[in-house]
Amino acid sequence: MARLGSWIEPFPEGIYVRPADAWIDPSQPKERALVTHGHSDHARGGHSQVWATPETLAIMEVRCGPQACEPVAYGETVRIGEVDVSFVPAGHVLGSAQIVLDHAGERVVVSGDYKRRENPTCAPFEPVPCDIFITEATFGLPVFRHPDTGGEIDRLLHRLHSDPQRCVLVGAYALGKAQRVITELRRRGHEQPIYYHGAVERLCRLYEDLGVSLGEMRHTASATRQEMAGHIVIAPPSALNDRWSRRLPDPVTAMASGWMRIRQRARQSNIELPLVISDHADWDELTCTIRELAPREVWITHGREEALKHWCMTHQIKARELNLVGYEDEDD
Ligand SMILES: [Zn+2]
Ligand SMILES: [Zn+2]
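Rules used throughout
- Residues numbered from 1 in each chain as written.
- Chains lettered and ligands numbered in written order.
- Predicted model: local features only at pLDDT ≥ 70, side-chain atom pairs only at ≥ 80, totals over all residues.
- Heavy atoms only, no water.
- Phe/Tyr/Trp six-rings, centres within 6.5 Å; stacked < 30°, edge-to-face > 60°.
- Helix = DSSP H or I, 4+ residues; strand = E, 2+ residues; numbered from the N terminus.
- Buried < 20%, exposed > 50% of the residue type's maximum accessible area, 1.4 Å probe, protein only.
- Lys NZ or Arg CZ within 6 Å of the ring centre and 35° of its normal.
- Arc of directions from axis to C-beta.
- Contact = heavy atoms within 4.5 Å.
- Pairing = 2+ DSSP bridges.
- Salt bridge = Lys/Arg side-chain N within 4 Å of Asp/Glu carboxyl O.
- Axes fitted to C-alpha atoms, helices over the stretch in contact; angles between N-to-C directions.
- Parallel < 35°, antiparallel > 145°, perpendicular 65-115°, else oblique.
- Nonpolar A, V, L, I, M, F, W, Y, C, P; charged D, E, K, R; others polar.

**Observations regarding the packing of aromatic side chains**
Taken as a whole and assessed by the stated rule, the structure comprises eight aromatic pairs. Between Phe 144 and Trp 259 the ring centres are 5.5 Å apart and the planes differ by 90 degrees, which places this aromatic pair in the edge-to-face class. A residue pair is termed long-range when its members are at least 10 positions apart, and Phe 144 in the loop between β11 (132–137) and α2 (149–162) and Trp 259 in the loop between β16 (252–256) and α6 (263–268) qualify at 115 residues. Pair check on accessibility: Phe 144 and Trp 259 agree, each one buried. The ring of Trp 259 carries Arg 265 above its face, with NZ or CZ at 4.4 Å from the centroid.

**Regarding helix α1 (residues 54–64)**
Taken together, the buried positions of α1 are Thr 56, Leu 57, Ile 59 and Met 60. One side of α1 holds all its buried residues, which, seen down the axis, span an arc of 160 degrees. Those residues of α1 that are buried lie in contact with β5 (49–52), β6 (69–71) and α4 (201–209). Downstream of α1 by one or two residues, Gly 65 has phi in the positive range, about 85 degrees.

**Some points on the pairing of strand β10 (residues 106–110)**
Here β10 lies mainly inside the structure; four of its five residues are buried. Taken together, the three bridges between β10 and β11 define a ladder with parallel strand orientation. Within β11, the position partnered with Val 108 by the bridge is Ile 132.

**Examining the pattern of salt bridges**
In total, this model carries 22 salt bridges according to the counting rule given. Between Lys 115 and Asp 279 there is a salt bridge, and its shortest N-O distance comes to 2.9 Å. Of this pair, Lys 115 sits in the loop between β10 and β11 while Asp 279 is found in the loop between β17 (273–275) and α7 (283–293), placing the two residues 164 residues apart along the sequence. For Asp 279, a relative accessible area of 2% gives the class buried. Salt-bridge contacts for Arg 166 lead to Glu 272; the nearest nitrogen and oxygen are separated by 3.8 Å. Pair noted here: Arg 166 is in the loop between α2 and β12 (168–171) and Glu 272 is in the loop between α6 and β17, with a separation of 106 residues, a long-range link. Within the structure, one salt-bridge network assembled from shared partners comprises Lys 115, Arg 180, Glu 184 and Asp 279.

**Quick word on the pairing of strand β2 (residues 14–17)**
When strand β1 (residues 8–11) meets β2, the two strands line up antiparallel, connected through four bridges. Bridged to Pro 10 within β2 is Ile 15. Between β1 and β2, which follow one another and run antiparallel, lie two residues. By the bridge criterion, three bridges tie β2 to strand β3 (residues 22–24) in an arrangement that is antiparallel. Each bridged residue has a counterpart across the sheet, and for Tyr 16 the counterpart in β3 is Trp 23. Connecting β2 to the antiparallel partner β3 that follows it, the hairpin turn spans four residues, and Asp 21 within it adopts a positive phi of roughly 45 degrees.

**Re the sheet that holds β1**
Strand order across the open sheet formed by six strands is β1-β2-β3-β4-β5-β6, with mixed pairing between neighbours. For this open sheet the edge positions go to β1 and β6, each flanked by a neighbour on one side alone. On average, each strand axis in the sheet is inclined to that of its neighbour by 25 degrees, with strand direction left out of account. Two strands pair when backbone bridges link them, and strand β4 (residues 32–34) and β5 are joined in this way by three bridges, in the parallel orientation.

**Observations regarding the packing of α2 against helix α3 (residues 177–187)**
Geometry of a packed helix pair, given as the angle between the helix axes and the separation of the axes. One way to put it is that α2 packs onto α3 with a least axis distance of 10 Å and a crossing angle of 80 degrees. The orientation of α2 with respect to α3, classified from their angle, is roughly perpendicular. For the pair α2 and α3, the contacting residues are Thr 149, Ile 153, Leu 156 and Leu 157 in the first and Arg 180, Val 181, Glu 184 and Leu 185 in the second. When the residues that make up the contact of α2 with α3 are grouped by side-chain class, the tally is five nonpolar, one polar and two charged.

The values are spatial; any link to function lies outside them.
This is the structure in structure tokens:
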């Protein structure tokens, strides 16, 4: 009998699904690509044909231009070659999906990036029992335990209100994290206008077009220094220490990322207010998900693979590291 999942082949540039002649999140242009979500380390332009959720395709169009696309809504199944393929919510960013592959009586689930905790900007992760679970492991070390998001948002608001002459400049990735921080602020009752850097504008607009309301947003370019005092400004992390920020009123520099759990990392980037807000599963979410799905095998990619592999082995679950390349943490 063939080895479990012998029809799925990991290559450095992505996961190849042989009976569909298609690649998952390939880092090189391919004929057929199945894309889990819109972050640039997963969704590259240049494929001949792309299967993804309608939201992911809309995000790809904003970021990489028009795609030859095959939209697949959550819950829909399409046949590609000899494989039944469906997209199931991953709870990571708007449109993010796990890809479920059924072939030859075996089910393989590719998690893409995922998280289990609630996110007001996207559909929650749906557990799908499977034979092989191919999981990410961005925060695959026991040191990574993300705190409650509401508590982090409260720290941000407390800091904002304690010094109304200053603004709080929050570094957040343009796709997903920026919109999540904004909606979490709204949930905590923050109704003031939020200012944004131009680099997050198009994706904020797209989220709104796709039904995620962000409240009153204003462009920093059309505001005076005085107007921005006592307000929150959202910008991509790359803008935190550049010239652009000089026009802000004495900003308190914050950053929303799972990596902020590592103090040294916050200090190195001159972050005064580190906020541990992540769009990835932390250690407990990774291990609880594997326990819940109880797959016959776990294949691990995208991060700290060894510790999670070790955990699987001590729990009598067969595990393997995939060592794909080209995945960077755009989206932590
Ligand atoms: Zn990723
Ligand atoms: Zn991602």
